[in-house]
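# Residue-level structure breakdown
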Amino acid sequence: MSRTALEAEPADQPPAGDDHAFFGQPKGLLTLSGLEVWERFSFLGMQAILVLYFADTVAHGGMGMSSGTAASVSAAYGTLVYLVSVAGGWLADRILGSYRAVLWGGILIACGHYAMAVPTGTMTWAGLGLISAGTGLLKPNVATMVGKLYRTDDERRDAGFALYYMAINIGAFAGPLITGWLGDHKGWHWGFSAAAIGMTFGLIQYVAGRGHLAGRRNAAEFALAPDALRRAVRLVVGGILVAAVLATGLALAGWLTMGRFVDLLTVVSVVAPVVYFAVMFMSPRVTPEERGRLRPYIVLFLASTVFNFILFQAYSTMMLLAASNAETTILGFDFPASWYASALGAFEVGLAPVVAALWVRMGRDQPHASNKIAIGVVLGGLSFLLMVLPTSGHSGDTYRMSAWWIVGSYFLLGLGDILLETSGMSATTKLAPAAFSSQTMSLWFLSLALANGIQAQTVKLYDDVSKPAYFGVNGALAVAAGLAVMAAAPWLRRTMHPVH
């Protein structure tokens, strides 16, 4: 091997002194967590007011949608965000490399938020499109870069993902506070402006801290050959142009309505993971051992779908319920309804280090990853079942429940989210076939797309059925799913090695 090649490898790795420099974790975790603080600040800050903006009257600066339609369109946007993550993982693996994929994703997200700051409907839809594309590039590849900071058998791995998730939720806590206040007092587009500034800060600190990251090389790890690369670029660009022209033509002809577009995204969210699993199982680049680890991953995928179906409604139906039927005063202090979303982030910020410390203290005696995920799903279901109590026994929709009901629901949801997402993302990086490393993380995010796709259809019933029935049925189904994963725990332990 040449001297140049020998020197290139260390240049792609963080300095040796970084390995325990951040609370016993690699220093690169600080850089990636800092990026996610600002990305979640912008994304969830915007999402906390998005459904309220859709449902607000045109006279007040909103889009004038019904509650069910607003929730459905908001969920469809979430579906699109996570569907694009498949392309983001593929581009990182084959063309851009993880570092550049995250960088360009962040730039697109920032541009999208700046577009949404312009108070026109056209710029709103353009901004949401840019944010969808950018998040699809950024989200799967940041999580993959976190995984690259650790060896597969490193016991700090789950604790590291818990700290990473705590940092994410600092942004999830702060974002709705700022955007919610601005949206309530100054106008919705002022809130979108704050999200844009937050993402800009995230990009600055990401570039500044790139020296602490593993896998920051410019080239993709499994780069296409030059001829294949040129063909792929032509196909991607041509496909985007054809899709844009076709969508525009169908929309002008009156066939592609908003409702049909939502339905189309739901169909794609169901078909995409089925196809993706099939491709990975049949790929000659996946070894028999790696293929065996993909089978239990299907169970984790479905568990994630069920839980996130509940979680994402914290920003849709729960937000609408809070705005219409919950008190917005605690201990004499008045606050915008969108601030309830910050409660979810606050609980996760407070609970994540406790969970991380518990896993470190327990070491190899900690529960298996499948059991952590199962408990998370059960807690998500309980968060909805709790809402049956304050929504029952009312003759109309003019009642007001105590703020503590919403807060209690978000506490259960936040704890469940920490258990499921940190264990799920960590397990994904361990179970991933080597040739599909970033794309396997994209597959995890496809579970989020499927959750949003199902939600986009289910929330249409929000205006048509009673609130106790809506929250009760959905919550009970989630609890049953969590118990089913617990029942499958013995098989999952046998088949998920080296995950423990």
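All of the points below concern the structure found in this document. (Residues numbered from 1 in each chain as written. Predicted model: local features only at pLDDT ≥ 70, side-chain atom pairs only at ≥ 80, totals over all residues. Heavy atoms only, no water.)

### Examining the packing of helix α4 (residues 98-116) against helix α5 (residues 121-147)
Helix-helix packing is described using two parameters, namely the angle between the two axes and the distance between the axes. The geometry of α4 relative to α5 is characterised by a closest axis approach of 7 Å and an angle of 155° between their N-to-C directions. As summarised for this structure, α4 and α5 are arranged roughly antiparallel, according to the angle between their axes. Of the two possible hands of crossing, α4 and α5 adopt the one that is left-handed. Residue composition of the contact of α4 with α5, grouped by class: 18 nonpolar, 10 polar and no charged. (Axes fitted to C-alpha atoms, helices over the stretch in contact; angles between N-to-C directions. Helix = DSSP H or I, 4+ residues; strand = E, 2+ residues; numbered from the N terminus. Parallel < 35°, antiparallel > 145°, perpendicular 65-115°, else oblique. Left-handed = near helix turned anticlockwise from the far one by under 90°. Nonpolar A, V, L, I, M, F, W, Y, C, P; charged D, E, K, R; others polar.)

### Comments concerning the side chain of Glu36
Relative to the elements of secondary structure, Glu36 occurs in helix α2 (residues 28-55). The residues touching Glu36, leaving out its near neighbours within four places in the chain, are Leu138, Lys139, Val142, Tyr164 and Ile168. (Contact = heavy atoms within 4.5 Å.)

### Quick look at helix α11 (residues 317-325)
Burial runs high along α11: seven of the nine residues are buried. Within α11 the residues assigned to the buried category are Thr317, Met318, Met319, Leu320, Leu321, Ala322 and Asn325. (Buried < 20%, exposed > 50% of the residue type's maximum accessible area, 1.4 Å probe, protein only.)

### Section: the environment of Asp56
You can see Asp56 is positioned in the loop between α2 and α3 (67-96). Judged by relative accessible area, Asp56 falls into the buried class, the value being 17%. Excluding residues within four positions of it along the chain, Asp56 makes contact with Gly62, Met63, Gly64, Met65 and Trp188. At 3.0 Å, the side chain of Asp56 and the side chain of Trp188 are in polar contact. (Polar contact = N/O pair within 3.5 Å; in protein donor to acceptor, adjacent residues only side chain to side chain.)

### Describing the packing of α2 against α3
Closest axis-to-axis distance for the α2/α3 pair is 8 Å, and the angle between their directions is 150°. When the interaxial angle is binned, α2 and α3 end up roughly antiparallel. Both α2 and α3 take part in a crossing whose hand is right-handed. For the pair α2 and α3, the contacting residues are Arg40, Phe43, Met46, Leu50, Val51, Phe54 and Ala55 in the first and Ala70, Ala71, Val73, Ser74, Tyr77, Val81 and Tyr82 in the second.

### A closer look at the packing of aromatic side chains
Using the criterion set out here, one finds 15 aromatic pairs in the structure. Both rings, one in Tyr53 and one in Phe54, keep their centres 5.9 Å apart while their planes meet at 35°; by these two values the pair is tilted. Under the relative-accessibility criterion, Tyr53 is labelled buried at 2%. Phe54 sits in the buried class, given a relative accessible area of 0%. A centroid spacing of 5.9 Å and a plane angle of 20° characterise the contact between Tyr82 and Phe312, whose relative ring orientation is stacked. Remark: Phe312 occurs in the loop between α10 (288-311) and α11 and Tyr82 occurs in helix α3; sequence separation between them is 230 residues. (Phe/Tyr/Trp six-rings, centres within 6.5 Å; stacked < 30°, edge-to-face > 60°.)

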